[in-house]
Amino acid sequence: MVIIQNAIIYTAVCDAATPLLIMISSGYFKHIKDRIISLNENGNCKLLDQKRCIYFHQRLLRFSSKLAEFAATMLLTQILSTGYNISIILIKLVSSDPDKYKYVALLGTYLCQLFLIQWAPDHVHEESEQIAYAAYTAYIGTYNSNEINKHLLTVIMRAQMPVKFLAGGFIPLSLESFGNIIKNVFSFFTVLRNFDL
């Protein structure tokens, strides 16, 4: 019994930790974007503040790339297992089992989990992309010194390739891929349904 409880706790922590770390990274990207915009709006863009912001952006890019490498296998496992579980639950729902409606809540939980796995990386992708727009606005919008403009150009160039999370190193995680995975889950469900299980 204790082993099962430990396995459940370990699985729950692993399922929640990756999207949580991804959302923390997304929040920091939004913070950097807001700092760049506020430095521009204040009118007195100081070189020291700009350098701190750029240094923080570099560290965040390194953190996000390490997180993407670390989470690749875990995210692939979550997507495959969640998709398989959704298909099995759908089979239970179309069966003649009188207690089949008790699986509806579990189906909703798995759909939410699959959505969260896809939404968090999509959100961090959008936030990291917005940094280039904020730096471009700050570069064009003010009459900064040449040194500050060089730093802003560096941020613009680095932000041209936003952070991407790939499940297993080959499945891009986004809301578009969420729709594709749901289609594949229903295809798998129809194949399983054709077999007499």
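The model shown is predicted, which means the values in this text are computed figures rather than measured ones.

Novice: Hey, could you run me through the overall build of the chain in this one?
Specialist: When helices and strands are tallied, the chain shows five helices and two strands. Expressed as a percentage of the 197 residues in the chain, the buried residues total 39%. In the chain, of all internal contacts separated by at least 6 residues, the share reaching a separation of at least 24 is 81%. Just so you have it, the chain exposes about 12000 Å², and 63% of that area is on carbon and sulfur atoms.

Novice: Looking at this structure, I do not really get the pattern of salt bridges. What am I missing?
Specialist: Opposite charge on two side chains permits them to pair, given that their charged atoms come into close proximity. In this structure the tally under the stated criterion is one salt bridge. Among the salt bridges present, the one from Asp34 reaches Lys30, with a minimum N-O distance of 3.6 Å. Note that Asp34 and Lys30 are positioned in helix α1 (residues 2-42) at a spacing of four residues, about one turn of the helix.

Novice: When you look at the confidence of the model for the chain in this model, what are you seeing that I'm missing?
Specialist: Low-pLDDT stretches of the model should not have their predicted coordinates read in fine detail. Confidence along the chain averages 82 in pLDDT terms, with 84% of residues attaining 70 or more. Looking at the elements of the chain, mean pLDDT is at its lowest for α1, recorded as 77, and at its highest for strand β1 (residues 166-167), recorded as 88.

Novice: Looking at this model, I keep getting lost on the side chain of Lys100. Mind explaining?
Specialist: Relative to the elements of secondary structure, Lys100 occurs in the loop between α2 (47-94) and α3 (104-141). When its relative accessible area of 16% is taken as the criterion, Lys100 is described as buried. Only 3.1 Å separates the side chain of Lys100 from the backbone oxygen of Ser95, close enough to count as a polar contact. Apart from the residues within four sequence positions on either side, Lys100 is in contact with Lys92, Leu93 and Ser95.

Novice: Looking at this structure, how should I read a positive patch on the surface?
Specialist: A cluster of like positive charges, contributed by Arg59, Arg62, Lys66 and Arg158, occupies part of the molecular surface. Per-element accounting of the positive patch gives the leading share, three residues, to α2.

Novice: So what exactly am I meant to see when it comes to the nonpolar core here?
Specialist: Across soluble globular proteins, nonpolar side chains have a tendency to be buried as a group. Counting 45 residues, the largest nonpolar core has Ile36, Ile79, Ile86, Leu114, Ile131 and Phe165 as the members making the most contacts within it. Sorting the residues of this core by element identifies α1, α2, α3, α4 (146-158) and α5 (175-194) as the ones contributing at least two each. Sorting elements by how many residues they give to this core places α2 first, with 14 residues. In this structure Ile79 touches Leu114, Ile117, Gln118, Ala167, Leu173 and Ile181, once residues within four positions along its chain are discounted.

Novice: I keep staring at the environment of Ile88 and nothing clicks. Help me out?
Specialist: Along the chain, Ile88 turns up in helix α2. Residues Ile88 and Val185 lie 97 residues apart in sequence; the distance between their C-alpha atoms is 9.8 Å.

Novice: Would you explain the side chain of Ser87 in this entry?
Specialist: Turning to its location among the elements, Ser87 is positioned in helix α2. Take Ser87: its relative accessible area is 0%, and that puts it in the buried class. Reaching out from Ser87, the side chain makes a polar contact with the backbone oxygen of Val185 at a distance of 3.2 Å. Those residues in contact with Ser87, other than ones at most four positions away along the chain, are Val185, Phe188, Phe189 and Leu192.

What counts as what
- Residues numbered from 1 in each chain as written.
- Predicted model: local features only at pLDDT ≥ 70, side-chain atom pairs only at ≥ 80, totals over all residues.
- Heavy atoms only, no water.
- Helix = DSSP H or I, 4+ residues; strand = E, 2+ residues; numbered from the N terminus.
- Buried < 20%, exposed > 50% of the residue type's maximum accessible area, 1.4 Å probe, protein only.
- Contact = heavy atoms within 4.5 Å.
- Areas by Shrake-Rupley, 256 points an atom, 1.4 Å probe, with all protein chains shown as cover.
- Salt bridge = Lys/Arg side-chain N within 4 Å of Asp/Glu carboxyl O.
- pLDDT = per-residue confidence, 0-100.
- Polar contact = N/O pair within 3.5 Å; in protein donor to acceptor, adjacent residues only side chain to side chain.
- Patch = residues over 30% accessible without salt bridge, like charges linked within 9 Å, V, L, I, M, F, W, Y side chains within 5 Å.
- Lys, Arg positive; Asp, Glu negative; His and termini not counted.
- Charge placed at Lys NZ, Arg CZ, Asp CG, Glu CD.
- Core = buried A, V, L, I, M, F, W, Y, C linked by side-chain atoms within 4.5 Å.

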